[in-house]
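Letter by letter, the chains look like this.
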Amino acid sequence: MNELDTRQLPSPLPQRFSLGERVRERGLKNTSSPQPSPPAKSAGGEGANDTRTYMLRLFFFISLIIFGPTIFAWEDHAKLTSLVLNAWRESDKSIASYLNQPVKPESLLQFLQATKTSLPAKLLEIEQWAQHNEQGYQAIPTTILYQPSHADCDSNLELCFKKSLRINLDVPLPFIIFDSLQHYLHRLGFIHVNDAHQLLPSYIPLTFNLSDFKLIPANAKVSRADVIATASMQPDFGLDTFLYENSNTAFGRQYGFGLQPLGDVTLPFHSQMLFHMSAYHEDGRIASFIPRLQENYPEYRSFLYLNLSRFAAETNHPYWAAVFLGWGLHYIQDMTQPYHTKIAYGLDVNVVLKALQETARKNDLPFFELQMLEVNRHVLLERVTKAIITTSVDRGLDKKILVRGLVDRQVDASIPPYRLDSLYLREEISNLDAMNAPDYSAILQTTLPSRYVNSPEFSAEEITDYDALLSKEMTQTQRFQFSQAIAYSLARYGVYTRAGVLAVR
């Protein structure tokens, strides 16, 4: 297919891809759960205990290799969100008036001083919701509750507020705007961000184009849409890194999240793993062996920030309403990447259990082969997608397929409205099993060379030329099939981004 016009292409989405009626009728239990405890001893005796130990070991190492220091759910939220919002406001006059509205940056301190009497109650309301609805949720310690009436909090409102959000205190929060098209660069006072440390702590690697971001001068105004898009990327600047008791940070020891459940405590993106991916629909056999998988926080984060966004809007603070909205959208968008919907996405549980049995017999080979297959597929899904976005192969036809999925509004009416008090992220967005979603493991195996996705002796890190992979190792049909599958995920990115905006508008 060589035509650039994608209007005749089949839609990447069915007309309905939200939860089925069976799931809705069944519902999900919304009660709080007791503190997670170590796995109970099995009645099967010593051998069963060994098996349980090896299961923990298996998924510890899988988590290490899958979530390396530079893997995100989607690598460039700001660009993707901009595409979604820009196409939306071009086709909808009502939303255009909202998204085009110019807003003036407001310091965090100004926002906090203006809301000293009302914000504490809102944060307490959010905390009570989380304790009641989020299984495995670790409550905020009373010592860091946001209480401006207390002298120690009032003396440094910004620090007190950030601690109450339980975010990484090392992340700068300057006035910045995503400006990949250089629109703002031509305005007086807007300048390039020229030092990564203006946006990131020193221990967070730079994985994006720094020149896409501009510093906003005092008294300037920027569009609400651009603030939202910019903020949708900021959680990947390290806001959720090193928040655990054993993270070797002073704030981590204060936050009450306990010990880091999975991964290497010295690596920043391992420490944010359970804030940016879910285990809400993990296979029960896996969940029973790793009960602390319940301590995953994307739904809590989205609830926290979307409610703060509505609060800021209702109290006439449009800049912070847009920032908090963008932060909340990030976690919604993460749930549209299949490998972030489950710890063991795409793995056959029976294969995992068989590898476990071999590991219990001191044969680690199946275990290591399994983890290499998983990491290769995860990395390839991310990087082939990124390559398609930037390549000119087929005159950009595959890119058009992806962008079309991202901005297509034909399914918007078929999903339920995003209610802020609901478990929308858990019940509606992250449950791929209840949707007619592509089988991404199968798609990768049919569209990419077998040695890349089926050989544990290969590492995806060895691929340095993805343009050559697209043009020489994949056929046009394979590129089309891959793009259609990814377009499904990006369509979900788009539709749920729009639903999140409408929820707080």
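This text follows the structure it describes.
Note that the structure is predicted; figures quoted are calculated from it, not measured. (Residues numbered from 1 in each chain as written. Predicted model: local features only at pLDDT ≥ 70, side-chain atom pairs only at ≥ 80, totals over all residues. Heavy atoms only, no water.)

Give me the lowdown on the overall build of the chain, citing residues and values where you can.
The number of helices and strands found in the chain is 23 helices and 5 strands. Residue burial in the chain is summarised as follows: out of 505 residues, 55% are buried. Taking all contacts inside the chain whose residues are at least 6 apart in sequence as the whole, residues at least 24 apart take part in 79%. Accessible area of the chain: about 20,800 Å², with a carbon and sulfur share of 52%. (Helix = DSSP H or I, 4+ residues; strand = E, 2+ residues; numbered from the N terminus. Buried < 20%, exposed > 50% of the residue type's maximum accessible area, 1.4 Å probe, protein only. Contact = heavy atoms within 4.5 Å. Areas by Shrake-Rupley, 256 points an atom, 1.4 Å probe, with all protein chains shown as cover.)

Quick one: what's the story with the side chain of arginine 301, residue by residue and with numbers?
By the element assignment, arginine 301 lies in helix H14 (residues 298-314). According to the relative accessible area criterion, arginine 301 is buried, its value standing at 0%. Side-chain polar atoms of arginine 301 contact the backbone oxygen of arginine 166, separated by 2.7 Å. In contact with arginine 301, other than residues within four places in its own chain, are Leu165, Arg166, Ile167, Asp240, Leu243, Phe275 and Tyr331. (Polar contact = N/O pair within 3.5 Å; in protein donor to acceptor, adjacent residues only side chain to side chain.)

Describe in detail the state of the cysteines, supporting the description with residues and values.
In a disulfide, the sulfur atoms of two cysteines are held together by a covalent bond. The tally for this structure, following the rule as stated, stands at 1 disulfide. A disulfide bridge connects cysteine 153 with cysteine 160, and the sulfur atoms are separated by 2.0 Å. A torsion of -100° about the S-S bond marks the disulfide between cysteine 153 and cysteine 160 as left-handed. Look at cysteine 160 and you get buried, because its relative accessible area is 12%. (Disulfide = S-S within 2.5 Å.)

Requested: an account of the packing of helix H18 (residues 397-407) against helix H23 (residues 476-504), with residues and values cited.
At a minimum axis separation of 6 Å, H18 and H23 run at an interaxial angle of 25°. The orientation of H18 with respect to H23, classified from their angle, is roughly parallel. Here the hand of the crossing between H18 and H23 comes out right-handed. For the pair formed by H18 and H23, the contact residues are Asp398, Ile401, Leu402, Gly405, Leu406 and Val407 on the first element and Arg479, Phe480, Ser483, Gln484, Ile486, Ala487, Leu490, Ala491, Tyr493, Gly494 and Arg498 on the second. Of the residues contributing to the contact of H18 with H23, the split by class is 10 nonpolar, 4 polar and 3 charged. (Axes fitted to C-alpha atoms, helices over the stretch in contact; angles between N-to-C directions. Parallel < 35°, antiparallel > 145°, perpendicular 65-115°, else oblique. Left-handed = near helix turned anticlockwise from the far one by under 90°. Nonpolar A, V, L, I, M, F, W, Y, C, P; charged D, E, K, R; others polar.)

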